[in-house]
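A closer look at the structure
Okay, here's what each chain looks like letter by letter:
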Amino acid sequence: MLHHAVLCYSCAMPLQNYMLFNDSDGLFMYTFEAERKDDCLACSQVPQNLSFTDQTKLEQVIDHLQQSVAYRMKSPGITTVIDGKNRTLHMSTIPSIERKTRPNLKKTLKDLGLQNGQEIVVADVTTPSAIIFKLNLTSRVDSGPGEA
């Protein structure tokens, strides 16, 4: 019997829509086609651009991620790959790692070894998966932190 259901499923065209059913005050039902945004923060792994100067401190990057309307993160953990090795730049949610990475907050992105075009991975409780950011670093002093 199960093999009949599998056969029917494999022959049928997949539905391109979803149904919402609400039964709180009478019956209300409609269907809609769900669309996926290519650069969605929650479900896409397309790197997002972040622009800073190379003299921006890591603490300022974290402040930007927390205060930006686009991200609104609570306690972002930041990792990257430098010279082929994974490196945790800051993580506040685990006390032992927070103690070891706290000095990085006062360091500039340049001092941390980050370069223009480098990707950082940011994990936070506000997003279902980590977000990849591509850094656009300039050495100009007139470019303010957080310009995205």
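Refer to the structure above for everything that follows.
Here's a quick rundown of the structure. (Residues numbered from 1 in each chain as written. Predicted model: local features only at pLDDT ≥ 70, side-chain atom pairs only at ≥ 80, totals over all residues. Heavy atoms only, no water.)

Digging into the pattern of salt bridges
Counted according to the given criterion, the structure contains two salt bridges. Put simply, Lys106 and Glu59 hold a salt bridge, and the shortest N to O gap is 3.0 Å. Note that Lys106 is positioned in the loop between α3 (95–101) and β6 (119–123) and Glu59 in helix α2 (residues 58–67), a separation of 47 residues in sequence. Among the residues examined, Lys106 registers a relative accessible area of 53% and is labelled exposed. (Salt bridge = Lys/Arg side-chain N within 4 Å of Asp/Glu carboxyl O. Helix = DSSP H or I, 4+ residues; strand = E, 2+ residues; numbered from the N terminus. Buried < 20%, exposed > 50% of the residue type's maximum accessible area, 1.4 Å probe, protein only.)

Observations regarding the nonpolar core
In this structure, Leu50, Leu58, Leu65, Ile78, Leu114, Ile120 and Phe133 are the most contacted members of the largest nonpolar core, which totals 21 residues. Going through the elements one at a time, β3 (48–53), α2, β4 (77–82), β6 and β7 (131–138) are the ones with two or more residues in this core. Setting aside its immediate chain neighbours within four residues, Leu114 contacts Thr80, Ile82, Leu89, Leu109, Ile120, Leu135 and Leu137. (Core = buried A, V, L, I, M, F, W, Y, C linked by side-chain atoms within 4.5 Å. Contact = heavy atoms within 4.5 Å.)

Regarding the pairing of β7
Of the pairings in the sheet, the one linking β3 to β7 comprises six bridges and is parallel in character. Following the sheet pairing, Gln48 is matched in β7 by Phe133. Pairing of β6 with β7, which is carried by four bridges, proceeds in the antiparallel orientation. The partner of Val121 across the bridge, within β7, is Ile132. (Pairing = 2+ DSSP bridges.)

Focus on the sheet that holds strand β5 (residues 85–90)
Note on sheets: strands pair through backbone hydrogen bonds, and any given pair is parallel or antiparallel. Here five strands make up an open sheet; going across it, the order is β3-β7-β6-β4-β5 and the pairing mixed. The open sheet has two free edges, formed respectively by β3 and β5, since each of these has just one partner strand. Strand-to-strand twist in this sheet, taken as the mean axis angle between neighbours without regard to direction, amounts to 35°. (Axes fitted to C-alpha atoms, helices over the stretch in contact; angles between N-to-C directions.)

Side note on unusual backbone geometry
The phi torsion at Arg72 lies on the positive side, around 50°, for a residue other than glycine. Mapped onto the elements, Arg72 comes out in the loop between α2 and β4. Positive phi is not limited to glycine here, since Asp83 has a value of about 55°. Inspection of the secondary structure assignment puts Asp83 in the loop between β4 and β5.

Focus on the pairing of β4
Taken together, the four bridges between β4 and β6 define a ladder with antiparallel strand orientation. From the neighbouring strand, Thr80 faces β6, where its bridge partner is Ile120. For β4 and β5, the ladder comprises five bridges, and the chain directions are antiparallel. The partner of Ile82 across the bridge, within β5, is Lys85. Between β4 and β5, which follow one another and run antiparallel, lie two residues, and Asp83 among them has a positive phi close to 55°.

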